[in-house]
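What follows is the residue order along each chain.
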Amino acid sequence: MHTIRLIYASDAREDLRYRDFMTIMDTAAETNRERAITGILCYGGGQFLQALEGERLAVNSLYHHIAKDPRHSNCQLMSVDEISTRDFAEWSMKIVDWNDAVTAARQTVLLKHSGSRRFDPAQMSGQQATAFLRDLATVERLLSE
């Protein structure tokens, strides 16, 4: 079995609201648990950045489903790597809403990896996005303690 991490960025539909995120989270968490997929989803400024981890076929299938989802447009595949350890193993789907009370720690992580205070994942390289999401996950773990 090949375990991969896939990272993509996309634009959100303009009328997407908080209740839509809760629907995404609830549906994704349940579906991802069933498929043994873990990950993190960031949203801000009308853009998504998401990492998905799991068995190659399951992750690829989910990504193709997401790319067709009308809540997303301009999907950009940023990286796909075979992995031996998951970075987001405790979350079937962790959502970080960048518009919701951005903490100084989150801003520091963004500035470190993008050189900007504006969340714009489409401007990150695959390596930057991977490092950003790993560091952001560390911050999220600390914030939830």
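For clarity, every value in this text was computed on a predicted model and none was experimentally measured.

## What about the packing of helix H3 (residues 104–114) against helix H4 (residues 126–143)?
Here's step 1: The interhelical angle for the contact between H3 and H4, taken along N-to-C directions, is 165°, at an axis separation of 9 Å. As judged from the angle between their axes, H3 and H4 are roughly antiparallel. Note that H3 runs across H4; the crossing there is right-handed. Facing H3, whose interface residues are Ala105, Arg106, Val109, Leu110, Lys112, His113 and Ser114, H4 presents Gln128, Ala131, Phe132, Asp135, Leu136, Val139, Glu140 and Leu143.
Here's step 2: Of the residues assigned to the contact of H3 with H4, the class counts are 8 nonpolar, 3 polar and 4 charged.

## Side note on the pattern of salt bridges
A side chain of one charge can pair with a side chain of the opposite charge if their charged atoms are brought near each other.
Here's step 1: Scanning all chains against the criterion turns up 10 salt bridges.
Here's step 2: Between lysine 94 and glutamate 140 there is a salt bridge; the shortest N-O distance is 3.8 Å. Pair noted here: lysine 94 is in strand E5 (residues 94–97) and glutamate 140 is in helix H4, with a separation of 46 residues, a long-range link.
Here's step 3: Arginine 106 serves as the salt-bridge partner of glutamate 140, at 2.6 Å between the closest nitrogen and oxygen. Remark: arginine 106 occurs in helix H3 and glutamate 140 occurs in helix H4; sequence separation between them is 34 residues.

## So, helix H2 (residues 56–68)
Here's step 1: An ideal rise of 1.5 Å per residue puts 18 Å on 13 residues; H2 measures up with 19 Å between its terminal C-alpha atoms.
Here's step 2: Regarding H2, the residues found buried are Ala58, Val59, Leu62, Tyr63 and Ile66. Looking down the long axis of H2, one finds its buried residues gathered within 130° of arc, a one-sided arrangement. Facing away from the buried side of H2 by more than 90 degrees, the exposed set consists of Leu57, His65 and Lys68.
Here's step 3: Put simply, glutamate 55 is the residue that caps the front of H2, since its side-chain oxygen is 3.2 Å from the backbone nitrogen of leucine 57.

## Quick notes on the nonpolar core
Here's step 1: Residues Ile40, Cys42, Leu49, Phe132, Leu133 and Leu136 are the most contacted members of the largest nonpolar core, which totals 21 residues.
Here's step 2: Setting aside residues no more than four positions away along its own chain, isoleucine 40 makes contact with Leu49, Gln50, Ala51, Phe88, Trp91, Met93, Lys94, Val96, Leu133, Leu136 and Ala137.
Here's step 3: Counting residues in hydrophobic clusters, the runner-up holds 20 residues, among them Leu52, Ile66, Met93 and Ile95.

Calculation notes
- Residues numbered from 1 in each chain as written.
- Predicted model: local features only at pLDDT ≥ 70, side-chain atom pairs only at ≥ 80, totals over all residues.
- Heavy atoms only, no water.
- Axes fitted to C-alpha atoms, helices over the stretch in contact; angles between N-to-C directions.
- Helix = DSSP H or I, 4+ residues; strand = E, 2+ residues; numbered from the N terminus.
- Parallel < 35°, antiparallel > 145°, perpendicular 65-115°, else oblique.
- Left-handed = near helix turned anticlockwise from the far one by under 90°.
- Contact = heavy atoms within 4.5 Å.
- Nonpolar A, V, L, I, M, F, W, Y, C, P; charged D, E, K, R; others polar.
- Salt bridge = Lys/Arg side-chain N within 4 Å of Asp/Glu carboxyl O.
- Expected span 1.5 Å × (residues − 1).
- Buried < 20%, exposed > 50% of the residue type's maximum accessible area, 1.4 Å probe, protein only.
- Arc of directions from axis to C-beta.
- Polar contact = N/O pair within 3.5 Å; in protein donor to acceptor, adjacent residues only side chain to side chain.
- Core = buried A, V, L, I, M, F, W, Y, C linked by side-chain atoms within 4.5 Å.

Keep in mind these numbers describe shape, not what the thing actually does.
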